[in-house]
Amino acid sequence: LARFMRTFARWKWPKPVTLCPVAGAPPAPGISPLPVWNPRTNPRDAAQLMPIVTPCYPSMNSSYNVGAPQLRRMQQELF
């Protein structure tokens, strides 16, 4: 647990946290294509301060509501 806390206290936000490459296409035929998290093509994704990207399709930022005050507070608490 201490290692986890140290890792995220020192994390270089807004570098995204990902467990695997972002899934850009549906995983199987018959699944509708959906928008995925992509800061290169979506300005809203690029503006997010603390991207923690889900590993399943469609890849999304699970912390999209984090603003500057919340990010600052989390960093203070993790140290």
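Whatever comes next refers back to the structure up there.
Throughout this document, residue positions are counted from 1 along each chain, in the order its sequence is written. In keeping with the model being predicted, local features are shown solely for residues with a pLDDT of at least 70 and side-chain atom pairs are shown and tallied solely at 80 or more, while totals for entire chains, interfaces and linings include all residues. The basis for the side-chain values is all heavy atoms of the structure; hydrogens and waters are excluded.

What about the overall build of the protein?
Next, step 1: What counts as a helix is a DSSP run of H or I of at least four residues, what counts as a strand is a run of E of at least two, and both are numbered from the N terminus. Within the protein, the secondary structure is distributed over three helices and zero strands.
Next, step 2: Counting helices and strands in the order they occur from the N terminus, the protein gives α-α-α.
Next, step 3: Seen through its C-alpha atoms, the protein measures out along the principal axes to roughly 45 × 25 × 15 Å.
Next, step 4: Relative to its full complement of 79 residues, the protein shows a buried share of 23%.
Next, step 5: In the protein, 44% of the contacts between residues at least 6 apart in sequence involve partners at least 24 apart.
Next, step 6: Looking at the protein as shown, the accessible area adds up to about 6000 Å², and 61% of this sits on carbon and sulfur atoms. Think of it in three bands: with a 1.4 Å probe and only protein chains considered, a residue is buried below 20% of the maximum accessible area for its type, exposed above 50%, and partly exposed in between. Residues count as neighbours in contact if any of their non-hydrogen atoms are within 4.5 Å of one another. All accessible-area figures derive from a Shrake-Rupley calculation using a 1.4 Å probe, and residue coverage is judged against the displayed protein chains alone.

Things to note about the nonpolar core
Next, step 1: Throughout, nonpolar core names a set of buried Ala, Val, Leu, Ile, Met, Phe, Trp, Tyr and Cys residues whose side chains join them through atoms within 4.5 Å. Counting six residues, the largest nonpolar core consists of Phe8, Trp13, Val17, Met50, Val66 and Leu71.
Next, step 2: Not counting chain neighbours up to four residues away, the residues in contact with Trp13 comprise Phe8, Leu49, Met50, Pro51, Ile52, Leu71 and Gln75.

Remarks on the side chain of Asn61
Next, step 1: Residue position: Asn61 is located in the loop between helix H2 (43-46) and helix H3 (68-78).
Next, step 2: Assessed through its relative accessible area of 6%, Asn61 is described here as buried.
Next, step 3: Among the polar contacts listed, one links the side chain of Asn61 to the backbone nitrogen of Ser63, at a separation of 2.9 Å.
Next, step 4: Apart from residues lying up to four places away in sequence, Asn61 is in contact with Trp37, Gln48, Met50, Pro51, Ile52 and Val53. Pairing of N or O atoms within 3.5 Å defines a polar contact, subject to two protein rules: one partner must be a possible hydrogen donor and the other a possible acceptor, and residues neighboring in sequence count only if both atoms are side-chain atoms.

Some points on the packing of aromatic side chains
Next, step 1: Any two rings among Phe, Tyr and Trp, with Trp reduced to its six-membered ring, count as a pair given centres within 6.5 Å; such a pair is stacked if its planes are under 30 degrees apart, edge-to-face if over 60, and tilted if neither. The final tally for this structure, using the stated rule, is four aromatic pairs.
Next, step 2: Residues Phe4 and Phe8 carry aromatic rings whose centres are separated by 4.8 Å and whose planes lie at 55 degrees to one another, so their mutual orientation is tilted. Highlighted residues: Phe4 and Phe8, both in helix H1 (residues 2-9), separated by four residues, approximately one helical turn.
Next, step 3: Ring centres of Phe8 and Trp13 lie 6.3 Å apart, and the angle between their planes is 20 degrees; this geometry places the pair in the stacked category. Per residue, the accessibility class of Phe8 equals that of Trp13, and both read buried.
Next, step 4: Every member of this aromatic cluster is reached through a ring pair, and the members are Phe4, Phe8, Trp11 and Trp13.
Next, step 5: Here, over-ring charges are defined by two tests on the NZ atom of lysine or the CZ atom of arginine: distance to the ring centre within 6 Å, and angle to the ring normal within 35 degrees. One residue, Lys15, lies across the ring of Trp11, its end atom 5.1 Å from the ring centre.

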